[in-house]
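What the coordinates show
What follows is each chain in one-letter form.
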Amino acid sequence: MNLSRRGFFKATGAAFAASMAFELSSQSEALAFESGQDWKLVNTEEYTNICCYCAGGCGSLCSVRNGELINVEGDPDHPVNEGGLCPKGAAMFQLRNVVDPETREVVKNPGRVTSPMVRRPGSSEWEKIGWADAIKAIARKVKDTRDATFVETDDGGLTVNHTPGMASLGGSQQNSEEEYLILKAMRSLGLIAIDNQARV
Ligand code: SF4
């Protein structure tokens, strides 16, 4: 087929115009369809937050309507993740709300723990206790364990003043300053097994 330069532009131009017309008509159908839906995030307020799962510290946007969490997604303005979230972070919404498998309604996560829990010696059940009681019980056990396991000198008579009976594992959300304070507190008790849980 012989095509002049002018004929070539005419033919390809017509094909391009036809494909654009098709694109636009299919898009306008899609847009018309979508505009008839209720947008998920309409009338929500956005709050920034930090992912709770690892020390990466990715930023998230939490959309809330009437005090209810509607959506969690990566914060595109956050310097760490620029909008991305790993599968754990992307599932953060489920810490608070889950989809009921029967009704397909979004409901509060029934497995969410909202207060300190204790499993008493000999019991197979966990029970809720208040924060004051929890802190008191933990402090008592720390003191008792330290007193029972404290070592002043090693086998060679060298002063060591430590306890091998306890360890400290920091959470992934603690920042450097908090870890510093935890380290000081634990060292003052004589702990030597101290670590934090970044990206475990
Ligand atoms: S768990 Fe994933 S989303 Fe959360 S801070 Fe770590 S890398 Fe980021």
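To start, this report covers the structure provided alongside it. On a predicted model such as this, the values are computed, not experimentally measured, just so you know. (Residues numbered from 1 in each chain as written. Predicted model: local features only at pLDDT ≥ 70, side-chain atom pairs only at ≥ 80, totals over all residues. Heavy atoms only, no water.)

Concerning the layout of surface pockets
- Taken as a whole, the largest pocket holds about 320 Å³ of empty space.
- Lining the largest pocket are 14 residues, and of these Val118, Ile129, Ala134, Ala137 and Ile138 lie nearest its centre.
- Elements that contribute at least two residues to the lining of the largest pocket include exactly strand S6 (117-118) and helix H3 (131-149).
- Per element, the largest residue contribution to the lining of the largest pocket is 7 residues, and it comes from H3.
- When its residues are assigned to classes, the lining of the largest pocket shows 10 nonpolar, no polar and 4 charged. (1 Å grid on protein atoms, 1.4 Å probe; cavity = no way out; pocket = protein on both sides within 12 Å on 5 of 7 lines; lining within 4 Å. Points joined across faces, edges and corners; volume = space filled by probe spheres on them. Helix = DSSP H or I, 4+ residues; strand = E, 2+ residues; numbered from the N terminus. Nonpolar A, V, L, I, M, F, W, Y, C, P; charged D, E, K, R; others polar.)

Quick look at the nonpolar core
- If you look at the biggest cluster of nonpolar residues, it comprises 7 residues: Cys51, Cys62, Val64, Leu69, Val72, Met92 and Phe93.
- Put simply, the parts of the chain that give this core at least two residues each are strand S2 (59-65) and strand S3 (68-74).
- With sequence-adjacent residues up to four places away left out, phenylalanine 93 is seen in contact with Leu69, Ile70, Asn71, Val72 and Val106. (Core = buried A, V, L, I, M, F, W, Y, C linked by side-chain atoms within 4.5 Å. Buried < 20%, exposed > 50% of the residue type's maximum accessible area, 1.4 Å probe, protein only. Contact = heavy atoms within 4.5 Å.)

Considerations on the sheet that holds S2
- If you walk across this open sheet you meet the 3 strands as S1-S2-S3, and the pairing is antiparallel. Either end of the sheet is taken by a strand with one partner, and the two such strands are strand S1 (45-50) and S3. Averaged over all adjacent pairs, the angle separating strand axes in this sheet is 30°, with direction ignored.
- Sheet topology places S1 next to S2; 6 bridges connect them, and they run antiparallel. Within the sheet, the bridge partner assigned to glutamate 45 lies in S2 and is valine 64. (Pairing = 2+ DSSP bridges. Axes fitted to C-alpha atoms, helices over the stretch in contact; angles between N-to-C directions.)

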